[in-house]
Amino acid sequence: RNELRAAGVEVPSKVLVTLGQKSRHWLVSDVQQSNQYSILREDDKLTISSVTVFIGDTTFIKRELKMDDNAPSLLSNGFLINGGSSKTSSPRVRLSFAITDQSGISEMMISNNRNFRSKIGQVVDWEPFSPLKGWRINPHPGEKTVWAKFRDLANNETEAFSSSIELVPPPGMAYIPRNDRGFLMGSTSGEEDEKPEHEVTLSSYFIGRFEVTNAEYQEFVEATAYMAPPHWKDGKHPSGMKGYPVVFISFYDAVAYCNWLSESASLSKAYSNVGELIDADGNITNSIEAVVGYRLPTEAEWERTALGSSKLGSSNREKDNRTFWSWGDRWNGTITNFVDPVGGIGVMPVNRFAKGQTEDGLYNMCGNVWEWVSDWYSAGYQPTPRSNPIGPSLNGGEAKVIGRLRSLLQGDRKIGEGLIKEIEGGLIQAGMEVDTTMELMGKVRYVVESKDGSDFSDLEKAIQQVILNKEKVIRGGLEIRSGRVTYLTNRKKAFAADVYGGIGFRYVLSIAD
């Protein structure tokens, strides 16, 4: 039109386009210049490339309209997961697409199944096209296939394309599958606190094959400036001990390590600042399935793992396939060791005793150091719940005090007498007796002052040591009672804020079923 005007030809400013057939979108070819344009019909107007004109007006532009009936084309290596990697240990993956179309790609549909249906059977929605997309595959190990199809501006739809990747457990962890049938936990013939024998069902999870080592814990200490175990020198583990389990760490130290591990993996933390389980939004939860980050195993998860994922047991003793120890029913002192939980005498490297590992490949579930689990101790198992139990709850008064502590410790706050007074008042308001509060907070002051009180974590640790020092369950160690070696159902207890030379830990990662 501009060329015509430049030649002195009068051209109206509005144009008319006559459509030969009904459709939403066409390609436009300029016959003289061989240029292509795009026409999109919307109600009473047409969009021609970037120029909008109204239907019914006139133009002198000569154009040929052609229907676009060709589906988009996927280029070679046009659909990749994680850039074409063959394996991943995270269900969160990155999809990339290389696809071309003469009209332009408009939408895409992505699914973990070729029927393009959600978990509840609904058809997956189309979404705007993007060459890159974050995606979540089924979190259980195995080969995973993602399906995709595409649609252009002319509503031409491709066939379904697929790409696959193998999901493997995170490094150093083993996969324990869901057991809807349940397994028998506890014992009918053991100590009183191993009773009653009861059936438990658990969701799937990953669990560390080895206890956390000195070398691994040192990475945490160096990355966060966290206080090192008391027997380390200058923040370094003893020479020659990097492959040994870390010891002289409290339950709360293990919790801090798990939270750091979660943050390092870009996962939500599993614990509040006073050691309570929290969900992805930071809310206190009693549901293991709602916890996203790394955490300590529940006692039920620990016992099932020690048994082996296929040893579910039976109330019919002739069919009960559970064994006394992880390796079987025959005692073998050459494939395990005894460790004193307090002093730690007898500790061995975490990869020692390969012949004593479980059927799922875990080391030292019967022997070597004792291990912190997440449950508070009680002298016997709770009757409910039977699905994903987390052990006994705190009593109402304790829960109220801890809740008040949690709220007072939130945020980045400066340690000072004002904050400590506020905590004192908060604990009294929550129901703690005045004399008890003043006595305990006096001890907290002493602990903080002995650490120079320069870091807010000093105050948290002091509160853990003094106020939150209740008994947690420890599992996995062996001892001799009544003239015989204890079985894997054996339980002991230890104060959560204290440190012991023979207690370490391993961690778990929940899998959302």
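What counts, and at which threshold
Residues numbered from 1 in each chain as written. Predicted model: local features only at pLDDT ≥ 70, side-chain atom pairs only at ≥ 80, totals over all residues. Heavy atoms only, no water. Phe/Tyr/Trp six-rings, centres within 6.5 Å; stacked < 30°, edge-to-face > 60°. Lys NZ or Arg CZ within 6 Å of the ring centre and 35° of its normal. Axes fitted to C-alpha atoms, helices over the stretch in contact; angles between N-to-C directions. Helix = DSSP H or I, 4+ residues; strand = E, 2+ residues; numbered from the N terminus. Parallel < 35°, antiparallel > 145°, perpendicular 65-115°, else oblique. Contact = heavy atoms within 4.5 Å. Pairing = 2+ DSSP bridges. Salt bridge = Lys/Arg side-chain N within 4 Å of Asp/Glu carboxyl O. Buried < 20%, exposed > 50% of the residue type's maximum accessible area, 1.4 Å probe, protein only. Arc of directions from axis to C-beta. Expected span 1.5 Å × (residues − 1). Polar contact = N/O pair within 3.5 Å; in protein donor to acceptor, adjacent residues only side chain to side chain. pLDDT = per-residue confidence, 0-100.

1. Details of the packing of aromatic side chains
1) Next: On inspection of all chains with the given rule, the structure shows 26 aromatic pairs.
2) Next: One aromatic cluster is present, built from ring pairs that chain together Tyr217, Phe220, Tyr226, Trp232, Tyr257, Trp260, Tyr294, Phe505 and Tyr507.
3) Next: Its guanidinium or amino end placed over the ring of Phe116, Lys149 lies 4.6 Å from that ring's centre, counting from NZ or CZ.
4) Next: Just above the ring of Tyr381 sits the side chain of Arg491; from NZ or CZ to the centre is 4.6 Å.

2. Comments concerning the packing of helix 2 (residues 214-224) against helix 3 (residues 251-264)
1) Next: It is the contact of helix 2 with helix 3, at a shortest axis distance of 11 Å, that shows an interaxial angle of 75°. With respect to helix 3, the element helix 2 is oriented roughly perpendicular. Contact residues: helix 2 offers Glu216, Tyr217, Glu219, Phe220, Ala223 and Thr224, while helix 3 offers Asp253, Ala256, Tyr257 and Trp260.

3. Comments concerning the sheet that holds strand 11 (residues 132-136)
Where strands meet in a sheet, backbone hydrogen bonds hold them as pairs that are either parallel or antiparallel.
1) Next: One open sheet accounts for three strands, arranged 6-8-11; its pairing is antiparallel. Looking at strand neighbours, the two that pair on one side only are strand 6 (73-81) and strand 11, the edges of this open sheet. This sheet shows a mean twist of 25° between the axes of neighbouring strands, independent of strand direction.
2) Next: Here strand 8 (residues 92-100) pairs with strand 11 via five bridges, running antiparallel. The partner of Val93 across the bridge, within strand 11, is Trp135.

4. Comments concerning the pattern of salt bridges
1) Next: Following the criterion strictly, the structure yields 19 salt bridges and no others.
2) Next: Across the pair Lys133 and Glu127 runs a salt bridge, and its minimum N-O distance is 3.1 Å.
3) Next: Close ionic contact of Glu197 with Arg322 constitutes a salt bridge, the shortest N to O distance being 2.6 Å. Of the two residues, Glu197 is situated in the loop between strand 15 (179-185) and strand 16 (198-202) and Arg322 in the loop between helix 4 (299-307) and strand 19 (370-376); the sequence distance between them amounts to 125 residues.
4) Next: Look at Arg322 and you get buried, because its relative accessible area is 16%.

5. What to know about the sheet that holds strand 25 (residues 508-510)
1) Next: Taken in spatial order, the four strands line up as 14-17-25-18 in an open sheet, and their pairing is antiparallel. The open sheet terminates on both sides in strands that have one partner only, identified here as strand 14 (173-176) and strand 18 (294-295).
2) Next: In terms of strand pairing, strand 17 (residues 205-208) meets strand 25 through three bridges, oriented antiparallel. Bridged to Ile207 within strand 25 is Val508.
3) Next: Its contacts with the sheet place helix 4 against strand 14, strand 17, strand 18 and strand 25, and it is angled at close to 75° to strand 17.

6. Examining the side chain of Thr298
1) Next: Along the polypeptide, Thr298 turns up in the loop between strand 18 and helix 4.
2) Next: If we skip the residues at most four places from it in the chain, Thr298 touches Ile288, Val373, Ser374, Asp375, Pro389 and Ile390.

7. Some remarks on unusual backbone geometry
1) Next: Here Lys195 and Pro196 are connected by a cis peptide whose omega angle stands at -5°.
2) Next: Following the sequence through the fold, Pro196 ends up in the loop between strand 15 and strand 16.
3) Next: Despite not being glycine, Asn364 shows a phi value in the positive range, around 55°.
4) Next: Summarising the element assignment, Asn364 is placed in the loop between helix 4 and strand 19.
5) Next: Its relative accessible area of 4% is what places Asn364 among the buried residues.

8. Some thoughts on helix 2
1) Next: Listed in full, the buried residues belonging to helix 2 are Asn214, Tyr217, Gln218, Phe220 and Val221. Buried residues along helix 2 cover an arc of 155° about the axis, so they all sit on one side.
2) Next: For helix 2, the secondary structure elements touched by its buried residues are helix 3.
3) Next: Once helix 2 finishes, Ala225 follows within two positions and takes phi at roughly 60°, a positive value.

9. Structural notes on helix 3
1) Next: Over its 14 residues, helix 3 extends 20 Å from the first C-alpha to the last, a length consistent with the 20 Å expected when each residue adds 1.5 Å.
2) Next: Residues of helix 3 that are buried include every one of Phe251, Tyr252, Asp253, Ala254, Val255, Ala256, Tyr257, Cys258, Asn259, Trp260, Leu261 and Ser262, and no others.
3) Next: The distance from a side-chain oxygen at the start of helix 3 to the backbone nitrogen of Tyr252 is 3.2 Å, and the residue carrying that oxygen is Ser250.
4) Next: Backbone geometry just downstream of helix 3 places Ser266 in the positive-phi region, at approximately 60°.

10. Description of the confidence of the model for the protein
1) Next: Counting all residues, the mean pLDDT for the protein is 83, and 77% of those residues have values of 70 or more.
2) Next: Contacts of residues 11-22 to residues separated by more than four positions or lying in other chains number 36 contacts, the stretch itself having pLDDT below 50.
3) Next: Note on residues 58-63: pLDDT is under 50 here. Beyond four places in sequence and across chains, it has 17 contacts.

11. Thoughts on the pairing of strand 9 (residues 105-111)
1) Next: With five of its seven residues buried, strand 9 lies for the most part within the structure.
2) Next: Inspection of the sheet shows strand 9 paired to strand 12 (residues 142-152) by six bridges, in the antiparallel sense. Counterpart to Ile105 in the pairing with strand 12 is Asp152.
3) Next: With two bridges joining them, strand 9 and strand 10 (residues 127-128) adopt antiparallel strand pairing.

12. Here we look at the pairing of strand 12
1) Next: Among the eleven residues that make up strand 12, eight are buried, leaving the element largely enclosed by the rest of the structure.
2) Next: Judged from the seven bridges that link them, strand 12 and strand 13 (residues 161-167) form a sheet pairing that is antiparallel. What sits directly across from Thr145, in strand 13, is Ser164.

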